[in-house]
Every structure is written in C-alpha cells, then in structure tokens.
Amino acid sequence: MEVVAGIDLGGTAINYTLITREEKFLIEGLCEHPALSKQGPEVCLQQIEDGLKIAADLAKIPLTDIVAIGLDTPGPASAAGQLSAKGSTNFVHADWAGFDIREGLARKLGKPVSYLNDGNAGALWGHFTIFGANSKETSVSIVIGTGLGGGVIIDGNVVKGRKGFGGELGHVLIPYQSIPGIEGMKPNCNCGRLGDLESVCSLTAIEKTFLPYFLPKYPDHELGKVDRSKAAKMVRGMADRGDAMCREIFRVQAHGIGLFLDEMVNTFDPDVLIIGGGALEASEAFQKWFIDQVRVGMPTQREEQADIPIYVMPNGDTAGARGAAIEALKLARSSGLA
Ligand SMILES: [Zn+2]
C-alpha cells in the first residue's frame, strides 16, 4: 500500500499524519512528538525520523510503505524549504540559519520531500476538504490565530511566490477606515504596517488594539479587570455567549475580513473563500453569525459573483500536517510513486 506522510513541524511539537493514494487519512486526530527545534537541525531531524516510526506504528503500516513526505514549518523560508538566513522565531539555533530543511529531511529519510510554509499547508487542507487532491479549482483561505495566515490556491496549486512569501495575506492593507464604529482607531501590525488584515483581525489585534479602544466605552466591563493578554483570549468565548462588547469586536473583525475578501474576489474570482483558525472555534450559531457579518462587510459584489461560497475550515489542529500530506501526495503522483 503506497502511503504519504504529512509532517507539521511547529515550535514545540511535530504533528504527523498519513494518507493513502485513495486520499484516506490513516490517523484520526493528533499524533504528536516533541520537536526539539531549539537544539538545531541534527537533533530535530532525528526527532522527525523517530516520530515518523511512531506514526507508522500507530497506523499499523511498515515505514517502507511511505513513498513521499510532505513537510511544513513556520516561515520565513524559501518556496523550496530553505530557512531564512536571518533566523526565525521557531528556528533560533545558529545552525538553522539558511538551512535547507526540505533537502536535509529528504537526505535523512531517503525519500522525496515536498515543502510548504504552515499557512499555505493549512490553506491546502481547507481546499482539499472541499475539492479533493486532484482539483483544478481556485480558493483563498485565511486562518485567524495569534496572527493571520492563509494561502491562495490557483487551479489546485499553492501560490508559493518568488521568495516563499506567497499567501502572506495578513499583511495586505485593507481600507479599515470604512468600517463603522472604530473612528480614530489606529491598528498597527507587528510588521510595521498600519491597517493590514492582521492588524484588524487576529488575537494580537484584540490585545493590542481592540481592548484598549473598546474598554473605555464599556467602563464596567469585566474584562477591564483582567490582564490584557488573558482578556484577549476570553473575547471569543464571551462573544459566542452574546456579550455586547465582544460581539462588537468580532463584528469589526468580520467586516475587515469582508473588505479583504472583496479584494480577493476582484483579484482571483475564486471558486470559494475559506475561513479558519481559533477565532472560529466556537458554536455553529456563532460561526454562522460571523460569516453573515463577513458578507455584510463586503462591498456589493457583481451579480455573477455575489453567491461565492464562504466555508469554515475544519480540524484546526491537524490542518498543517494534513495540508503537507496532500502536497506530498501531489508530488508522489506527479513522479509516478502513487
Ligand atoms: Zn502586518
């Protein structure tokens, strides 16, 4: 049985999945192994290999059945998987600077390896859940977490870009000033931009911009007495339960997404739009309200495009590994291995 593996290398954990050539996942939920990235490439690649054996055992398949590997990591890295020479948050050890992690893993395992950054892997997973691995469709995905990641898939292929920054959707500027109810707000992003999508729509935005803006308007609000970073994490749950200020914060974020998705509709005329991440890990009723608000925030669409579907991305925790596996399945198919 030919199988490909998806390996999501995060800051602290490696998450594995396995998929057959018939596009069936052999591992339900998370199969995690400690990452040890801080100890440099040699230790980390060994960890990846050890964990892969554990994943294969869990799925009851021999390692030799695995014909290709899909790897995803946080960036910045080149489209081919060479980590930034300037280093990055998740790869602090000096030996990681400029390290070709895709090639290093291919050599270590003796199998072909494909590479995606984690945002693009998540986007490919979302795309797959709607269209499967052999798709010719176009989708734009955004994943709302601490920051805002995502990806653009055109005719079934991930747009990686010249330097690996394709799909860095969080840093696209949006005309946020047109959102009602935030007069005078100055949403600054960590990247230095004022008013990009991440600066309006992320957990960081709630902590840095929304709570300082809205709490003075709700002087008796209970979140005013809570540590700011802890309070930011409570906003989604309270919004889900109907708290007025927290709903208002999510309304503004949804309208920001609407402005951004309008830009995407006019740029790509995609088949679908997909929204995922922690912000939507809430009740179905809240998800529906949020998507409705996204549509309210979108400027009027052409009649032909007004019915564009907006989906909620499933399975947040496994999205990276599963997207990486789908990229590897495409590699295996194109090279005749599966
Ligand atoms: Zn930014």
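In case you missed it, the structure is sitting above this.
What counts and what doesn't
Residues numbered from 1 in each chain as written. Predicted model: local features only at pLDDT ≥ 70, side-chain atom pairs only at ≥ 80, totals over all residues. Heavy atoms only, no water. Helix = DSSP H or I, 4+ residues; strand = E, 2+ residues; numbered from the N terminus. Rg over C-alpha atoms; globule rule 2.2 N^0.38 Å. Buried < 20%, exposed > 50% of the residue type's maximum accessible area, 1.4 Å probe, protein only. Contact = heavy atoms within 4.5 Å. Areas by Shrake-Rupley, 256 points an atom, 1.4 Å probe, with all protein chains shown as cover. Lys, Arg positive; Asp, Glu negative; His and termini not counted. Charge placed at Lys NZ, Arg CZ, Asp CG, Glu CD. Donors = N, O, S within 2.8 Å, 3.2 Å for Na, K, Ca; no water. Tetrahedral: all angles 85-135°; square planar, octahedral: opposite > 155°, others 65-115°. Right-handed = clockwise from strand over helix to strand, strands pointing away.

Undergrad: Can you help me understand the overall build of the protein chain in this one?
TA: Counting its regular elements, the protein chain contains nine helices and 10 strands. For a compact globule of 338 residues, the expected C-alpha radius of gyration is about 20 Å, and the protein chain comes in at 20 Å, within 12% of that figure. Each principal axis of the C-alpha distribution contributes one length, and for the protein chain these read about 60 × 45 × 35 Å. Looking at the protein chain as a whole, 53% of its 338 residues qualify as buried. Taking all contacts inside the protein chain whose residues are at least 6 apart in sequence as the whole, residues at least 24 apart take part in 66%. Total accessible area on the protein chain stands at roughly 14,700 Å², and carbon and sulfur atoms take up 51% of it. Seen as two clouds, the 32 positive and the 41 negative side-chain charges of the protein chain have centres 3 Å apart.

Undergrad: Looking at this model, I keep getting lost on the coordination of the zinc ion. Mind explaining?
TA: Perfect tetrahedral coordination of a metal by four donors corresponds to 109.5 degrees between them, and perfect octahedral coordination by six donors corresponds to 90 or 180 degrees. The zinc ion binds to the protein through His171 (ND1), Cys189 (SG), Cys191 (SG) and Asp196 (OD), with metal-donor distances spanning 1.9 to 2.2 Å. Taken together, the four donor atoms coordinating the zinc ion span angles of 103 to 117° at the metal, a pattern that classifies the geometry as tetrahedral. The sequence motif formed by the donor residues of the zinc ion is H-x17-C-x1-C-x4-D. With relative accessibility at 36%, the residue Cys191 sits in the partly exposed group.

Undergrad: Which parts of the structure should I look at to understand the pairing of strand S5 (residues 113-117)?
TA: Working note: regular strand, side chains alternate between the two faces of the sheet. In terms of burial, S5 is a largely internal element, five of the five residues being buried. Here S5 shows no split at all, with Val113, Tyr115 and Asn117 on one side and Ser114 and Leu116 on the other all buried. At this point the chain moves from strand S4 (residues 66-73), through helix H2 (residues 101-109), to the parallel S5, and the crossover so formed is right-handed.

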